[in-house]
Amino acid sequence: MSSAAIDHAHDHDHHHGPAKGITRWLFTTNHKDIGTLYLWFSFAMFLLGGTFALVIRAELFQPGLQFVDPNFFNQMTTMHGLVMVFGAVMPAFVGLANWMIPLMIGAPDMALPRMNNWSFWILPFAFLLMVSTLFMEGGGPNFGWTFYAPLSTTYAPDSVTYFIFAVHIMGASSIMGAINVIATILNMRAPGMTLMKMPLFVWTWLITAYLLIAVMPVLAGVVTMMLFDIHFGTSFFNAAGGGDPVLFQHLFWFFGHPEVYIMILPAFGIVSAIIPTFARKRLFGYDSMVYATASIAFLSFIVWAHHMFTVGMPLAGQLFFMYATMLIAVPTGVKVFNWVATMFRGAMTFETPMLFAIAFVVLFTIGGFTGVMLAITPADFQYHDTYFVVAHFHYVLVPGAVFSLMAAAYYWLPKWTGYMYDETLGKLHFWMSFVGVNLLFFPQHFLGLAGMPRRIPDYALQFANFNWISSVGAFLFGFSQLILLLVVIKCIRGGKKATAQVWEGAQGLEWTVPSPAPYHTFETPPDPSLIKAQ
Amino acid sequence: MASESSHSVYYVPEQTKYPFFASIGLFFMVFGLGSLLNDMSAGDSLAVSTWIALAGFLLLSFIIFQWFATVIRENHAGLNNDQLKRSYVWGMAWFIFSEVMFFAAFFGALFYIRTLAVPWLGGEGEKGLAGEVLWPEFQAAWPLIVNPDPTLFTNPHEGLNVKEWSLSFFAGYLPFWNTVILITSSVTLHYAHVALKAENRKRLIQWMFVTVALGIIFLGLQALEYVEAYGHYGITLDSGIYGSTFFLLTGFHGFHVTLGTFILIVMLLRCMKGHFKPNDHFGFEAAAWYWHFVDVVWVGLFIFVYLL
């Protein structure tokens, strides 16, 4: 990239502070405002999706049908998954990207600020449409977040049409957001910020954005086929007309597998920023981190059918998808090794962000190992559609992706608000979450190995003990998240003043601007001498 | 691109009303469309849902028009520096890539159906057992004329594929002429671009006019083909997987050609108003990229839907 364009000949730029009142949030083009909107939206969705999860866990506290009827239970499992994936985790990472990428690469804003606003404001409407299906005649989507045909076509409630359109517009939002991230990173870096000097959060987001642009349109395509099967009599997923329901699964997982990396790669970037700060050492193996991220992204496109081993496919397909999946453990292992090596002989302190980051490394690795177990085709025949799978992906998504988001929130809160958060409450939040999440999901491994199927409202008596432990953990984890809300509100309202540096060992351009970060930053590019290799 | 504007700061607009109201328009459009489809399937009155969808669509269109107008005005006012223009280039390039992936989903479905799903239903290979049990009479073929269960999905009479590889056949084969027309339109659009860079506005407008005309002729012939398919061949959306893949692939392509033609008409009008300079015309280039992309998709369609 040429640096010629970023010449600061004109320092007379007339930028003001934020607008007053509600229009600041409705009409803003500021990356920090939009980042804040994304983060609050995702937190609201996190609480909503969490409420759905607690309905599920309340029902599963004891065998038998207690609180909800099975159809509503199915709606809860479906909406919990959809809201958490598309409403909580993905927008939270986009919010962090908005806030941090321009600050990290020394850019005045995101590349396309108006489109940035649109990417956000589509989301509340998309979720209004999706969540409103719960109140419609016939109920909301009840076919699981993977919406396999023909459950989602021939046997779906009428509200599936609105679900399809909600997926369409949130997909448009994601694609626009991803295009914006790519244009920002490729076009807006300050002079001296070469690609291999970029913080890993920026790298992981660049690669995530490519994944988004590659797979969100495939999701749009597959829901469009559903729409036509439902309303226009096409037979994509109906064998009676020469189609194949398994085609749905192939298309869905071609989207779905990269999607899970969309939810974890930025988490890798966050952890790669936090661990060096609190270990007071440079990140071990920066280059290998970049290459490992790219390898994981590439592999994510050729492993999708490992979700479908029991559906049936030729032996050659099963072998290919098994080996390709296991291969992912190699770059992931590189990353875990690098994080541990960064901490090795570091001068470590254990503030809340570091606690969440270390918990991430340990617990995500557990989720990774069960992933390798599930990749073994013959073993998967046993595990498939049991609670073992539920435990696996919740370990990578909750103490994985969500813990990284908590870590990020604590790490950058002082930069956002200008005040230090309450460390005591932060540690309380961490320990309650840590205990809660393990109580919640660890027993589910045993339930799955013993044969308890997923997505059922009732179960055989031998599963009762582990289920009540899991439910207790769920309520502990769920209510602990209110502590985070309290911490954030307290931190916005005041507290100990934060310095620009905030953390003693922190590196990077975002720590060179005051705390709170001014409304507009880097309108002239930063001094190139501030840009150091990671 | 323009070098005179390279020494300015990156323009960040202060506030904008467009995206928020565009979201409202989008919401009513898709909510209305969803209701429309549900009402259709239930046999209810379509009036209310149609109006909601239409109102949303009009609001969205109005906002997008205003949005583009603002961007054009800002560019003419010299607010956009080289770096900002590069952002638009990246944006358009990756938008087209997302469109490629959208079509990839439908092409992928076609390949899967033709090489795996239909042969399996015909009893072939490791996964042929289910097909033999479900519909023992069923014979795998492509174009699929006899569906596994013709009581649920009415059979078409015949496929649209190439019958024989001879000159005399191609001379009377509509999709072949459509291919010629669309490829020609890409060439004429290129000449328009050359004329734009040579600052020959008369030639530019002539070539643009020819390109738009070719686009409209293509769409007319496609419409004719659809009428033929429904009437003569009995290929419909609900006539089994052959019709499903045929109409969704060519239909989404046709939709993109319609959009592309509309964009080119807008570009033609902008050419007439003298919006573009030889060194500053990314709006035109983006439209041209889009048109070439649509052209390439058609070549893929012609090979895999019609020829093979």
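Overview of the structure. (Residues numbered from 1 in each chain as written. Chains lettered and ligands numbered in written order. Predicted model: local features only at pLDDT ≥ 70, side-chain atom pairs only at ≥ 80, totals over all residues. Heavy atoms only, no water.)

Thoughts on the overall build of chain A
Line of reasoning, step 1. A tally of helices and strands in chain A yields 16 helices and zero strands.
Line of reasoning, step 2. Relative to its length of 534 residues, chain A is compact, with a C-alpha radius of gyration of 23 Å against a globular reference of 24 Å.
Line of reasoning, step 3. Counting only residues that meet the buried cut, chain A has 65% of its 534 residues in that class.
Line of reasoning, step 4. Contacts in chain A between residues far apart in sequence, at least 24 positions, make up 82% of those at least 6 positions apart. (Helix = DSSP H or I, 4+ residues; strand = E, 2+ residues; numbered from the N terminus. Rg over C-alpha atoms; globule rule 2.2 N^0.38 Å. Buried < 20%, exposed > 50% of the residue type's maximum accessible area, 1.4 Å probe, protein only. Contact = heavy atoms within 4.5 Å.)

Examining the overall build of chain B
Line of reasoning, step 1. Broken down by element type, chain B carries nine helices and zero strands.
Line of reasoning, step 2. Expressed as a percentage of the 308 residues in chain B, the buried residues total 52%.
Line of reasoning, step 3. Counting contacts in chain B only where the partners sit at least 6 residues apart, residues at least 24 apart contribute 71% of the total.
Line of reasoning, step 4. For chain B, the accessible area works out to roughly 14500 Å², and carbon and sulfur atoms hold 71% of it. (Areas by Shrake-Rupley, 256 points an atom, 1.4 Å probe, with all protein chains shown as cover.)

Re the pattern of salt bridges
Opposite charge on two side chains allows them to pair when their charged atoms are near.
Residues and elements named next belong to chain A.
Line of reasoning, step 1. Going through the model one piece at a time under the given rule, you end up with seven salt bridges over all chains.
Line of reasoning, step 2. Two residues, Arg24 and Asp33, come together in a salt bridge whose shortest N-O distance is 2.8 Å.
Line of reasoning, step 3. Residue classification places Arg24 among the partly exposed residues on the basis of a relative accessible area of 22%.
Line of reasoning, step 4. Overall, Asp33 belongs to the buried group, its relative accessible area being 2%.
Line of reasoning, step 5. Among the ionic pairs, Lys490 bridges to Asp422, the shortest N-O distance being 2.8 Å. Residue Lys490 is located in helix H16 (residues 464-493), and its partner Asp422 is located in the loop between helix H14 (387-417) and helix H15 (423-449); the two are separated by 68 residues in the primary sequence.
Line of reasoning, step 6. Assessed through its relative accessible area of 39%, Lys490 is described here as partly exposed.
Line of reasoning, step 7. Take Asp422: its relative accessible area is 24%, and that puts it in the partly exposed class. (Salt bridge = Lys/Arg side-chain N within 4 Å of Asp/Glu carboxyl O.)

Points about a nonpolar patch on the surface
Residues and elements named next belong to chain B.
Line of reasoning, step 1. Taken together, Phe111, Trp165, Ile183, Val187, Tyr191, Val194, Val299, Ile303, Phe304 and Leu308 make up a surface patch of nonpolar side chains, about 870 Å² in accessible area.
Line of reasoning, step 2. At the level of secondary structure, the elements contributing two or more residues to the nonpolar patch comprise helix H6 (174-197) and helix H9 (282-307).
Line of reasoning, step 3. Per-element accounting of the nonpolar patch gives the leading share, four residues, to H6. (Patch = residues over 30% accessible without salt bridge, like charges linked within 9 Å, V, L, I, M, F, W, Y side chains within 5 Å.)

A short note on the nonpolar core
Line of reasoning, step 1. Ranked by size, the top nonpolar core spans 290 residues in total, and within it Phe86, Leu96, Phe163, Trp205, Trp339 and Trp412 of chain A together with Met208 of chain B carry the most contacts.
Line of reasoning, step 2. At 23 residues, the largest contribution of residues to this core is made by helix H6 (residues 200-231) of chain A.
Line of reasoning, step 3. Apart from the residues lying within four places of it in its own chain, the contact partners of Trp205 of chain A are Phe93, Val94, Ala97, Ile101, Val181, Ile185, Leu212 and Pro266 of chain A. (Core = buried A, V, L, I, M, F, W, Y, C linked by side-chain atoms within 4.5 Å.)

Structural notes on H6 of chain B
Line of reasoning, step 1. For H6 of chain B, with 24 residues, the first-to-last C-alpha span of 35 Å sits near the 34 Å given by 1.5 Å per residue.
Line of reasoning, step 2. Just downstream of H6 of chain B, Glu199 of chain B is the residue with a positive phi angle, here 55 degrees. (Expected span 1.5 Å × (residues − 1).)

Considering the interface of chain B and chain A
Line of reasoning, step 1. If you look at the interface, chain B gives 75 residues, while chain A gives 79 residues.
Line of reasoning, step 2. For the pair chain B and chain A, the two sides together bury roughly 6600 Å², of which 71% comes from carbon and sulfur.
Line of reasoning, step 3. Salt-bridge contacts for Arg114 of chain A lead to Glu74 of chain B; the nearest nitrogen and oxygen are separated by 2.4 Å.
Line of reasoning, step 4. At the boundary of chain B and chain A, one finds 23 residue pairs in polar contact (both at pLDDT 80 or more).
Line of reasoning, step 5. Secondary structure elements with two or more residues in the side of chain B that touches chain A: helix H1 (18-42), helix H2 (47-76), helix H3 (82-121) and helix H8 (241-273) of chain B.
Line of reasoning, step 6. Top contributing element to the side of chain B that touches chain A by residue count: H3 of chain B, with 22 residues. (Buried area = accessible area lost by both parts, 1.4 Å probe. Polar contact = N/O pair within 3.5 Å; in protein donor to acceptor, adjacent residues only side chain to side chain.)

Some words on the side chain of Asn338 of chain A
Residue and element names in this part refer to chain A.
Line of reasoning, step 1. Mapped onto the elements, Asn338 comes out in helix H11 (residues 329-343).
Line of reasoning, step 2. Asn338 gets classed as buried once you look at its relative accessible area, which sits at 3%.
Line of reasoning, step 3. Here the side chain of Asn338 touches Ser288 through a polar contact of 2.9 Å, side chain to side chain.
Line of reasoning, step 4. Filtering out sequence-adjacent residues up to four positions away, Asn338 remains in contact with Phe284, Gly285, Ser288 and Met289.

Describing the packing of aromatic side chains
All names here are of chain A.
Line of reasoning, step 1. The full count for this structure, using the stated rule, is 96 aromatic pairs over all chains.
Line of reasoning, step 2. Relative to Phe430, the ring of Phe403 has its centre 6.4 Å away and its plane inclined at 55 degrees; by these criteria the two rings are tilted. With Phe403 in helix H14 and Phe430 in helix H15, this pair connects stretches of sequence that are 27 residues apart. Comparing Phe403 with Phe430, the two get one shared label, buried.
Line of reasoning, step 3. Aromatic side chains Trp431 and Phe434 sit 5.8 Å apart centroid to centroid with 80 degrees between the ring planes, which places their arrangement in the edge-to-face category. Taken together, the positions of Trp431 and Phe434, both in helix H15 and three residues apart, correspond to about one turn of that helix.
Line of reasoning, step 4. The class for Phe434 is partly exposed, based on a relative accessible area of 24%. (Phe/Tyr/Trp six-rings, centres within 6.5 Å; stacked < 30°, edge-to-face > 60°.)

With respect to the packing of H6 of chain A against helix H7 (residues 245-262) of chain A
Residues and elements named next belong to chain A.
Line of reasoning, step 1. The geometry of H6 relative to H7 is characterised by a closest axis approach of 9 Å and an angle of 150 degrees between their N-to-C directions. Classified by the angle their axes make, H6 and H7 are roughly antiparallel. When the axes of H6 and H7 are compared, the crossing they make is left-handed. Residues Thr208, Leu211, Leu212, Val215, Met216, Val218, Leu219, Val222, Met225 and Met226 of H6 form the contact with H7, whose participating residues are Phe248, Leu251, Phe252, Phe254, Phe255, Pro258, Glu259, Tyr261 and Ile262. (Axes fitted to C-alpha atoms, helices over the stretch in contact; angles between N-to-C directions. Parallel < 35°, antiparallel > 145°, perpendicular 65-115°, else oblique. Left-handed = near helix turned anticlockwise from the far one by under 90°.)

Some thoughts on the environment of His429 of chain A
Residues and elements named next belong to chain A.
Line of reasoning, step 1. Within the secondary structure layout, His429 lies in helix H15.
Line of reasoning, step 2. On a C-alpha basis, the gap between His429 and Thr77 in space is 26 Å, while along the polypeptide they are 352 residues apart.
Line of reasoning, step 3. Excluding residues within four positions of it along the chain, His429 makes contact with Phe356, Met406, Tyr410, Ser480, Gln481, Ile483 and Leu484.
Line of reasoning, step 4. One polar contact links His429 to Tyr410, side chain to side chain, over a distance of 2.7 Å.

Topic: the packing of helix H7 (residues 201-233) of chain B against H9 of chain B
The geometry of a pair of packed helices is captured by two quantities: the angle between their axes and the separation between those axes.
Residues and elements named next belong to chain B.
Line of reasoning, step 1. Contact geometry for H7 and H9: axes closest at 14 Å, N-to-C directions at 35 degrees. Here H7 runs over H9; the crossing is left-handed. On H9, the residues touching Leu204, Met208, Thr211, Gly215, Phe218, Gln222 and Glu225 of H7 are Phe284, Trp291, Trp298 and Tyr306.
Line of reasoning, step 2. Per-class residue counts for the contact of H7 with H9 are seven nonpolar, three polar and one charged. (Nonpolar A, V, L, I, M, F, W, Y, C, P; charged D, E, K, R; others polar.)

Structural notes on unusual backbone geometry
Line of reasoning, step 1. The amide bond that connects Ala149 of chain A to the next residue, Pro150 of chain A, takes the cis arrangement and shows omega of 5 degrees.
Line of reasoning, step 2. As for its position among the elements, Pro150 of chain A is in the loop between helix H4 (113-132) and helix H5 (160-187).
Line of reasoning, step 3. Of note, the amide linkage connecting Trp142 of chain B to Pro143 of chain B takes the cis form, showing an omega dihedral of 0 degrees.
Line of reasoning, step 4. Mapping Pro143 of chain B onto the fold places it in the loop between helix H4 (128-134) and helix H5 (167-171).
Line of reasoning, step 5. Unlike most non-glycine residues, Arg280 of chain A shows phi in positive territory, near 55 degrees.
Line of reasoning, step 6. Looking at where Arg280 of chain A falls in the secondary structure, it is placed in the loop between helix H8 (265-279) and helix H9 (286-299).
Line of reasoning, step 7. Note on Arg280 of chain A: relative accessible area 30%, which makes it partly exposed.
Line of reasoning, step 8. The backbone phi angle of Phe522 of chain A is positive, close to 50 degrees, even though this residue is not glycine.
Line of reasoning, step 9. With respect to the element layout, Phe522 of chain A can be found in the segment after H16.

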